[in-house]
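A closer look at the structure
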Amino acid sequence: MATYTFDKLFDFEFSKIVLPSGYTKLQYIENTANNYILLPYKANNNTSVKIAVSWNSLSGDQVPYGCDHWYSYRNSGYIVFLENGNLFVDYGNQRLNSNIIASINTFYSLEESPNGFFVNDVQKLSFNAQTFTCTNDFRVFTFGAGQTSTFLNGKIKIVQISDDNISYNLIPCSYNGDIGMYDTIGGTFYGNSGTGTFISGGEAPTPNYQNGDVVTITDVGITL
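What this report covers is the structure whose coordinates are included nearby. All values reported here derive from a predicted model rather than from experimental measurement.

This part covers the overall build of the protein. Secondary structure assignment for the protein yields 2 helices and 20 strands. Over its C-alpha trace the protein gives a radius of gyration of 17 Å, about what one expects of a compact globule, namely 17 Å for 224 residues. With the C-alpha coordinates of the protein rotated into their principal frame, the extents come out at 55 × 40 × 35 Å. Burial statistics for the protein: of 224 residues in total, 50% are counted as buried.

Turning next to the sheet that holds strand β8 (residues 86-92). The strand order across the open sheet built from 6 strands is β4-β13-β6-β7-β8-β9, with neighbouring strands paired in antiparallel fashion. Lying at the two open borders of the sheet, with one neighbouring strand each, are β4 (37-38) and β9 (94-101).

A volume near 200 Å³ is recorded for the largest pocket. Lining the largest pocket are Phe-6, Asp-11, Phe-14, Ser-15, Gln-27, Tyr-28, Phe-107, Lys-157, Ala-204, Pro-205 and Pro-207. Take the lining of the largest pocket: its biggest share by element is 3 residues, from helix α1 (residues 9-15). Across the lining of the largest pocket, the residue classes tally to 7 nonpolar, 2 polar and 2 charged.

Of all 9 residues in strand β14 (residues 154-162), 7 are buried; the element is thus mostly enclosed. By the bridge criterion, 2 bridges tie strand β3 (residues 29-30) to β14 in an arrangement that is antiparallel. Paired with Glu-30 across the strands is Lys-155, a residue of β14. Here strand β5 (residues 48-55) pairs with β14 via 8 bridges, running antiparallel. Of the residues in β14, the one forming a bridge with Trp-55 is Gly-154. Looking at chain direction, β14 and strand β15 (residues 167-175) are connected through 4 bridges and run antiparallel. Looking at the pairing, Ile-161 lines up with Tyr-168 of β15. Linkage of β14 to β15, two consecutive antiparallel strands, is achieved through a turn of 4 residues.

About the thresholds
Residues numbered from 1 in each chain as written. Predicted model: local features only at pLDDT ≥ 70, side-chain atom pairs only at ≥ 80, totals over all residues. Heavy atoms only, no water. Helix = DSSP H or I, 4+ residues; strand = E, 2+ residues; numbered from the N terminus. Rg over C-alpha atoms; globule rule 2.2 N^0.38 Å. Buried < 20%, exposed > 50% of the residue type's maximum accessible area, 1.4 Å probe, protein only. Pairing = 2+ DSSP bridges. 1 Å grid on protein atoms, 1.4 Å probe; cavity = no way out; pocket = protein on both sides within 12 Å on 5 of 7 lines; lining within 4 Å. Points joined across faces, edges and corners; volume = space filled by probe spheres on them. Nonpolar A, V, L, I, M, F, W, Y, C, P; charged D, E, K, R; others polar.

Have a look at this one:
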């Protein structure tokens, strides 16, 4: 019998993921310059995004994901961004302050969906019902609004995206010497579309769970 302890539920979920042969699952990927992952997808009012992200610094404006910036397109914003430590959210024609002050070197589970904005599975914001589709394709580590993009200075562990028609489950990995993210749903590797190179967080072990193993998840106070 083995014993496993995880700080957060998404750490346990992440540990169960097995990538195909040839891919090495990483604990996280970290950007060094203007690195980003580009997806052929535009967020809309039915999009749900869940991400595990950690900031190296709280200074400036930093975006872990997004399509359009509400201030640029006025009706189709879909991003989360950190402004001097404070988390803000764009959803359609809304910009909302979550009143959450982030800490550095701490992984947060963030979720943005028609149901609202959640931090570590606790709802912090609600959105007005509306219909919109973003102009730019979805990016991880920044957002798709041309030269005004602001890049995340931090680490990402997992990104889940879905709407009524499509789903992505992006896992940090290395493949043929490149560091990027593998979509376990579409079976596609997405490398760096920007400049610089991603930093590997080191190989992420995948435990061989057996009946009788004890798994404790501290942030939700349960033992499986």
